[in-house]
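Examination of the molecular architecture
Here's the letter readout for the chains.
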Amino acid sequence: MELLLSETPLFQGIQEAEISALLQCLAAQKRSYRKGDVIFSEGTVTESLGIVLSGMALISFCDAWGNHSILGNVAPGTVFAEVYACIPGEPLRISVSAAEDTTVLFLNVRRVLSTCTNACPFHTRLVRNLLTVCAQKSFQLSQRIAHTSFKSIRGRLMSYFSECAKASGSNRFQIPYNRQQLADYLGVDRSAMSSELSKIQRDGLICYQRNEFLLKSPEEFQAL
């Protein structure tokens, strides 16, 4: 089921009726992708940002030696490729693919940043929202840098799990990645990471089943 655009950060504070009029100004296009489909390829140029309406997309990077890393996931309501769309002619240094069946709404950024001929009073709100989205993306990137600053696999895992627990407000949480995707996100070998996860669980620091994790409480940590 697709979410309402008024529920997304980009259209926050704008009513559905206003959004319908605004989409015509922004040359909006909706497209559907099957699991595994490439949405944006590295090296391409785009003038449009994407908003995931349903499903999930992954942002990945591949270096000159073919090493693959996942930079993040794009959940429903989340914007992607906005930075590249805002820089005319800048080729993408990343790839975006569908992690599952996914529907995306594309908006022309040049039209977002320019006042439309209808002088929509809510257009300014949209630009402010886009700036907020860009700032949040920068924050998320800094979080990944913080996780990967740890030399050990355990350090990277526990840093990421700590962030997830804080974000969910609970020591029990779910992560959006499978094991290979988590390894790519943290920049570690999957087999070594899986082995370390088992060790961390044996040490009594976490419990997990598939994508659901439970961290020990601070009091339980102190008792170890």
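Reference entry: report on the structure contained in this document. (Residues numbered from 1 in each chain as written. Predicted model: local features only at pLDDT ≥ 70, side-chain atom pairs only at ≥ 80, totals over all residues. Heavy atoms only, no water.)

One non-glycine residue with positive phi stands out, namely Ala81, at about 65°. When you line up the elements, Ala81 lands in the loop between strand 6 (79–80) and helix 2 (82–86). With a relative accessible area of 10%, Ala81 lands in the buried category. The residue Arg210 is not glycine, and still its phi comes out positive at about 55°. (Helix = DSSP H or I, 4+ residues; strand = E, 2+ residues; numbered from the N terminus. Buried < 20%, exposed > 50% of the residue type's maximum accessible area, 1.4 Å probe, protein only.)

Attention now goes to the pattern of salt bridges. Scanning the entire structure with this criterion turns up seven salt bridges. For Arg110, the salt bridge goes to Glu47, with nearest N and O atoms at 3.4 Å. Of this pair, Arg110 sits in helix 3 (residues 109–113) while Glu47 sits in the loop between strand 2 (38–40) and strand 3 (48–54), placing them 63 residues apart in sequence. Residue classification places Arg110 among the exposed residues on the basis of a relative accessible area of 55%. Between Glu90 and Arg93 there is a salt bridge, with its nearest N and O atoms 3.1 Å apart. Among the ionic contacts, a cluster of salt bridges with common partners joins Arg154, Glu196 and Asp203. (Salt bridge = Lys/Arg side-chain N within 4 Å of Asp/Glu carboxyl O.)

Taken in spatial order, the three strands line up as 9-11-10 in an open sheet, and their pairing is antiparallel. Strands with a single pairing partner mark the edges of an open sheet, and in this sheet they are strand 9 (172–174) and strand 10 (206–209). If you compare each strand with its neighbour and ignore which way they point, the axes differ by 20° on average. In this structure, strand 10 lies alongside strand 11 (residues 212–215), joined through four bridges in antiparallel fashion. Paired with Tyr208 across the two strands is Phe213, which belongs to strand 11. Across the sheet, helix 7 (residues 190–202) touches strand 10 and strand 11, and the angle it forms with strand 10 is around 125°. (Pairing = 2+ DSSP bridges. Axes fitted to C-alpha atoms, helices over the stretch in contact; angles between N-to-C directions. Contact = heavy atoms within 4.5 Å.)

This paragraph deals with the nonpolar core. Formed by 23 residues in total, the largest nonpolar core has its most connected members in Leu157, Tyr160, Phe161, Phe173, Leu182 and Ile206. Elements with a minimum of two residues in this core: helix 5 (153–168), helix 6 (179–186), helix 7 and strand 11. Tyr160 has contacts with His147, Ile175, Pro176, Tyr177, Leu182, Tyr185 and Leu186, leaving out every residue within four places of it along the chain. Ranked by size, the runner-up nonpolar core spans 20 residues in total, among them Leu10, Phe11, Leu26 and Leu53. (Core = buried A, V, L, I, M, F, W, Y, C linked by side-chain atoms within 4.5 Å.)

With that settled, the discussion passes to the environment of Phe40. Its place among the elements puts Phe40 in strand 2. Relative accessible area serves as the criterion here: at 11%, Phe40 is assigned to the buried category. Residues Phe40 and Ala98, spaced 58 residues apart in sequence, show a C-alpha to C-alpha distance of 9.8 Å. Sequence-distant contacts of Phe40, defined by excluding residues within four places in its chain, comprise Thr46, Ser48, Phe80, Ala81, Leu92, Ser95, Val96 and Phe106.

Turning to the packing of helix 4 (residues 123–148) against helix 6, a few remarks are in order. At their nearest, the axes of helix 4 and helix 6 sit 9 Å apart, and the two run at 90° to each other. One finds that helix 4 runs roughly perpendicular with respect to helix 6. Counted together, Arg144, His147 and Thr148 of helix 4 and Asp184, Tyr185 and Leu186 of helix 6 form the full contact between these two elements. Split into classes, the residues belonging to the contact of helix 4 with helix 6 amount to two nonpolar, two polar and two charged. (Parallel < 35°, antiparallel > 145°, perpendicular 65-115°, else oblique. Nonpolar A, V, L, I, M, F, W, Y, C, P; charged D, E, K, R; others polar.)

Right, let's talk about the pairing of strand 11 for a bit. Two faces, one strand: in a regular strand the side chains alternate between the faces of the sheet. What you see with strand 11 is a clean split: Phe213 and Leu215 sit on the buried side and Glu212 and Leu214 on the side with no burial. In this structure, strand 9 lies alongside strand 11, joined through three bridges in antiparallel fashion. Its bridge partner lying in strand 11, Arg172 is registered against Leu214. Linking two consecutive strands that pair antiparallel, namely strand 10 and strand 11, is a turn of two residues; a positive phi of about 55° is found at Arg210 within it.

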